[in-house]
Amino acid sequence: MGTFKSIYPYTLETIAEYAAHTDKEIEARLALGHTAYLQLRQMPLQQRCDLMLKVVELLKKNTTAYATVITREMGKTLKEAKAEVLKCATSAAYYAQNMAEILRPRPITADAKRSYVAYEPKGVILAIMPWNFPYWQVFRFAIPNLLAGNAGLLKHASNTSGCALDIEKIFLEAGFPEGAFQTLLVSSKNIEPVIADMRVQGVTLTGSTPAGMSVAQLAGKYIKKTVLELGGSDPFIVLKDADLEKAASIAVKARMQNAGQSCIAAKRWIVEKDIAAAFTDKVSSLLQQMKQGDPLAEDTQMGPMARPDLAEELAGQLAKSLQQGAQLLTGGTHDACNFAPTLLSGVTPDMTAFEEETFGPLAAIITAENEQQAIALANQTPFGLGAALWTSDIEKATRLATQIESGNVFINDMVHSDARLPFGGVKQSGYGRELSSEGAHEFLNIKTVYVK
């Protein structure tokens, strides 16, 4: 069945190897997951919430230990990894406090004596999750589903198996039934039998658009509900009346956090021509001051990319964009996974840096003649995950927000996920929602009850 390696991206040192689960082990985990689901659905909601609050305690108590594994496996700075673990704790506490309301039956007036919508669990839900936020992506699926009474089965990215196994231990240590949340060490090519299994009642995937296409095909073949959160090429639109200092500062943060490896990173900076030169000067200065290096060092602002092949792919996209006429203003070099913060200007819609998702620390400045062209450029993409819009005219911003084709529009802030707000995309960025009540309901049986 093979093994999975965890490699420290900063030095390329192999830090652990994990044996893939055998067919027999996979079957045992499916059976255990189904048994745990039957237990969870009968468990009072308050008891499930109490267990989730114990998860919160563990995340807070062991933040540094969990974060260190994140950093060692995929390279983000220890500061970023700690923030990720604590975000999971905050979200778990939010859901524990609000799940009763989220699951409350919704009465509907009809020609019955009584009619209502009930929200009930369905079984084992399979999550196929990426390496870039190895805790947050998993917890934002697991928290509402376990609270609702579903069991969770995680197929994590192969380079973050240590994180996956730690998360399984967290739920066990908190007191959830054995099997309520399990990690499945299996390669993507061997996932079809798991999706096909009748005990699996839904599949959620966060990953690339090609991965989403593959999983959606398999899930459709077996009539399984899916939620897909896929790639993005998010626009960061800066209009001429924006607070330029703030916009430049947040643009750099929104692009370079996690070494630029985020679906909702601000990948295309679309700037009105009147302020393009000033904005370019500000972001160039900020990027040149940014320290890239050892992710465990306190003064490092950006760690390495997660794998050498990802850095090579980004370098190829950069080279193509330069050949197509873009100008390199800063950065552009890399050593294995260590990629310097990079800025391109003069990017146009026919260039690779505009057309493709660039998953790494590469920012592209695109100049727009006016706000309407800025919106048109923002929409000129097959993706539609998030978008940021910067202007001092809030009334104008809310009007323009309706014209932006994306699942999230953030005005005068960077795009980010929040347990209180639904999160997801349109077009090739996927479908369905995570987080908030909309996300919590995705894998539930939305049941009509009619009493004559």
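Residues numbered from 1 in each chain as written. Predicted model: local features only at pLDDT ≥ 70, side-chain atom pairs only at ≥ 80, totals over all residues. Heavy atoms only, no water.

**As for the environment of Pro422**
Note that Pro422 resides in the loop between strand S18 (408–411) and strand S19 (430–431). As for Pro422 and Gly407, which are separated by 15 residues in sequence, their C-alpha atoms are 9.0 Å apart. Setting aside anything within four residues of it in sequence, one finds Pro422 in contact with Asn408, Arg433, Glu434, Leu435, Ser436 and Glu438. (Helix = DSSP H or I, 4+ residues; strand = E, 2+ residues; numbered from the N terminus. Contact = heavy atoms within 4.5 Å.)

**Considering the sheet that holds strand S4 (residues 114–120)**
Spatially, three strands are ordered S3-S4-S20 in an open sheet, and the strand pairing comes out antiparallel. Two strands in the sheet have a free side with no partner beyond their single neighbour: strand S3 (106–107) and strand S20 (445–451). (Pairing = 2+ DSSP bridges.)

**A closer look at the packing of helix H2 (residues 45–61) against helix H6 (residues 161–174)**
Relative orientation of the contacting elements H2 and H6 amounts to 125 degrees, with a least axis distance of 8 Å. In this view, H2 runs oblique relative to H6, as classed from their interaxial angle. H6 is crossed by H2, and the crossing has right-handed handedness. Side by side, H2 and H6 meet where Leu51, Met52, Lys54, Val55, Leu58 and Leu59 of the first sit next to Ile170, Phe171, Glu173 and Ala174 of the second. (Axes fitted to C-alpha atoms, helices over the stretch in contact; angles between N-to-C directions. Parallel < 35°, antiparallel > 145°, perpendicular 65-115°, else oblique. Left-handed = near helix turned anticlockwise from the far one by under 90°.)

**Some details on helix H10 (residues 273–289)**
Over its 17 residues, H10 runs 25 Å from end to end, which matches the ideal 24 Å to within 8%, given 1.5 Å per residue. Most pronounced at Phe279, the bend in H10 amounts to some 25 degrees. Here H10 has its buried residues at Ile275, Ala276, Phe279, Thr280, Val283, Ser284 and Leu287. (Expected span 1.5 Å × (residues − 1). Bend = angle between axes of the 7 residues up to and from the residue. Buried < 20%, exposed > 50% of the residue type's maximum accessible area, 1.4 Å probe, protein only.)

**Quick word on empty space enclosed by the protein**
Here the structure, examined in full by the defined rule, presents four cavities of 30 Å³ or more. Within this model, the largest cavity holds a volume of roughly 80 Å³. Lining the largest cavity are Arg140, Phe141, Pro144, Asn145, Thr204, Val227, Arg433, Glu434, Leu435, Gly439, Glu442 and Phe443. Of the volumes computed, that of the second largest cavity is approximately 50 Å³. Taken together, 15 residues form the lining of the second largest cavity, with Pro235, Ala378, Phe383, Gly386 and Glu405 sitting closest to its centre. Contributing elements (two or more residues each) for the lining of the second largest cavity: strand S10 (234–238), helix H13 (371–379) and strand S17 (386–390). Here the residues of the lining of the second largest cavity are counted per class, giving six nonpolar, six polar and three charged. (1 Å grid on protein atoms, 1.4 Å probe; cavity = no way out; pocket = protein on both sides within 12 Å on 5 of 7 lines; lining within 4 Å. Points joined across faces, edges and corners; volume = space filled by probe spheres on them. Nonpolar A, V, L, I, M, F, W, Y, C, P; charged D, E, K, R; others polar.)

**With respect to unusual backbone geometry**
The phi dihedral of Ala336 falls on the positive side, at around 55 degrees, and the residue is not glycine. Within the element layout of this structure, Ala336 appears in the loop between strand S13 (334–335) and strand S14 (338–339). On the basis of relative accessibility, which here comes to 30%, the residue Ala336 falls in the partly exposed class. Despite not being glycine, Lys427 shows a phi value in the positive range, around 55 degrees. Tracing the backbone through its elements, the reader meets Lys427 in the loop between S18 and S19.

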